[in-house]
Amino acid sequence: MTTSAALLTDHYELTMVQAARQSGTADRRAVFELFPRRLPGGRRYGVVAGVGRALDAVEDFRFDAASLAVLEGLVDPGMLEWLASYRFSGDIHGYAEGETFFPHSPLLVVEGAFAEAVLLETVLLSIYNHDSAIASAASRMTLAAGARPCIEMGSRRTHEEAAVAAARAAYVAGFEATSNLAARARHGVPSTGTSAHSFTLLHDAEADAFRAQVQTLGVGTTLLVDTYDVTEAVRLAVEVAGTGLGAVRLDSGDLGEVAREVRAQLDSLGATGTRIVVTSDLDEHAIAALAAAPVDAYGVGTQLVTGSGHPTCGFVYKLVAREGDDGRMVSVAKKSTDKRSIGGRKYALRRRSASGVAEAEVVGIGTDPGDDGDDRPLLVPLVRDGEVVGRTTLEQARTRHRTSLAELPRAVTQMSAGEPVIPTVFEGG
């Protein structure tokens, strides 16, 4: 079984290149753009994630012997020989990981020979559509949570590899930790976890389960208190761990009401510093509804790893310019109903007021839009002459996300459906 990123693509990418080689157009200079035509319904902004994973995929996009063996009989021998030496040698500019985006934001601008650039289409869309959908949902959740931390715990609700990518994307958008150990190993995302209901059910008595967990993990652990009776479990938890118990977790019922009752009980028992963690199918709306409840942290699973109703961002990858017969670049665009694209190589900046508040997403067609002195360029070099130059750390991406979110208008905090918080404006063309 091959593990090369090169086969994470669609069959028609190869047939296009084979036909372009036959027609003599495969080496024409081309500019592709990855962008959203619109935001998912009701969303006010999106978050770019998966940039680091995409750069890894570009580096790993090689047709090794195992990959070529799969393609024998699907493409001609000349095409197989060309694929064997395939290396992307062009340039890629894009929005940095953690950045916010809006309709028609040119998230990636890929420049190179047509044959080289078109082969990257499927894998780039796959990574960006998934990771950005997760990060966009995670950002709304952390906004709703405010200063209260969010923990990603959705591994069991999605494909095993998607779970790792989801944990990474959620961390970019402000989640504090994950339950997924592969995300810790591959990406350095902090991991956390204690016990499930099965651990309590394993023991003859709930107190025995609590005692075993505290003896193993210390009094700072989090005890799950809704396997049987919550009130009795809270009493036992404090009896076993003492008033220094780290936290209790609630996973069912009316979380707001139960949290209030548990907070009062903990305080009456002297466990005033014991935190309350809630889980159970939370999304950004449920988190916002718990804002007034005495909740200290949120564990989010299903809704996060499915994009909270929007599992993809609807990004597309379109040819926007190509070399003409005379050697000059020509703008090209799709004109299909409801799927129109805008031709020309794009540039972008975030137009801001003198006080630093974002006012518009300005997309320049064929030329850089004018910077009035308060604006911020959005495209950064990611790949130059085939070499990755734009890799950043997850901590840098987290910081970038916080900074980008902070400059958006206050309407960004609203969880209700609405239009993008800033318009997209085109200049030039």
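Quick summary incoming for the structure in this document. (Residues numbered from 1 in each chain as written. Predicted model: local features only at pLDDT ≥ 70, side-chain atom pairs only at ≥ 80, totals over all residues. Heavy atoms only, no water.)

1. Section: the pattern of salt bridges
By the definition in use, this model includes 27 salt bridges. Here D325 ties to R28 by a salt bridge, and the two come within 2.5 Å at their closest N and O atoms. Of this pair, D325 sits in the loop between β12 (315–323) and β13 (329–331) while R28 sits in the loop between α1 (11–23) and β1 (29–36), and the two are 297 residues apart along the sequence. Looking at D325, the relative accessible area reads 75%, which means it is exposed. Between E59 and R391 there is a salt bridge whose closest N-O contact spans 3.2 Å. Of this pair, E59 sits in helix α2 (residues 51–59) while R391 sits in the loop between β18 (387–388) and α15 (394–406); the two residues are 332 residues apart in sequence, bridging distant segments of the chain. For R391, a relative accessible area of 41% corresponds to the partly exposed category. It is possible to trace a salt-bridge network through shared partners that takes in E99, R350, R352, E361, R376 and E407. (Salt bridge = Lys/Arg side-chain N within 4 Å of Asp/Glu carboxyl O. Helix = DSSP H or I, 4+ residues; strand = E, 2+ residues; numbered from the N terminus. Buried < 20%, exposed > 50% of the residue type's maximum accessible area, 1.4 Å probe, protein only.)

2. With respect to the side chain of T221
Position of T221 among the secondary structure elements: in the loop between α10 (206–217) and β8 (222–224). T221 sits in the buried class, given a relative accessible area of 5%. Here the side chain of T221 touches Q213 through a polar contact of 2.9 Å, side chain to side chain. Ignoring sequence-local partners within four residues, the contact set of T221 consists of T194, Q213, V214, L245, G246 and A247. (Polar contact = N/O pair within 3.5 Å; in protein donor to acceptor, adjacent residues only side chain to side chain. Contact = heavy atoms within 4.5 Å.)

3. Regarding the sheet that holds strand β5 (residues 108–113)
The strands making up a sheet associate through hydrogen bonds between their backbones, and the pairing can be parallel or antiparallel. Pairing within the open sheet is antiparallel, and its 7 strands lie in the order β13-β12-β1-β5-β3-β17-β18. Since the sheet does not close on itself, it has two edges, and those belong to β13 and β18, each with one partner. The pairing of β1 with β5 spans 6 bridges and is antiparallel. Each bridged residue has a counterpart across the sheet, and for L34 the counterpart in β5 is L108. Taken strand by strand, α2 contacts β3 (91–95), β17 (379–384) and β18, and its axis lies near 25° from that of β17. Strands β1, β5, β12 and β17 of the sheet are contacted by helix α6 (residues 121–145), whose axis makes an angle of about 140° with β12. (Pairing = 2+ DSSP bridges. Axes fitted to C-alpha atoms, helices over the stretch in contact; angles between N-to-C directions.)

4. Some words on the packing of α1 against helix α4 (residues 77–84)
Taken N-terminus to C-terminus, the directions of α1 and α4 make an angle of 110°; their axes are 10 Å apart at the nearest point. With respect to each other, α1 and α4 are oriented roughly perpendicular. On α4, the residues that touch L14, V17, Q18 and R21 of α1 are G78, M79, W82 and L83. For the contact of α1 with α4, the class distribution of residues is 5 nonpolar, 2 polar and 1 charged. (Parallel < 35°, antiparallel > 145°, perpendicular 65-115°, else oblique. Nonpolar A, V, L, I, M, F, W, Y, C, P; charged D, E, K, R; others polar.)

5. Overview of the environment of Y128
By the secondary structure assignment, Y128 is in helix α6. Residue Y128 is classed as buried on the basis of its relative accessible area, which comes to 1%. Residues contacting Y128, with those up to four places away along its chain left out, are L34, V48, A49, G50, V51, A54, L108, A133, F315 and L382.

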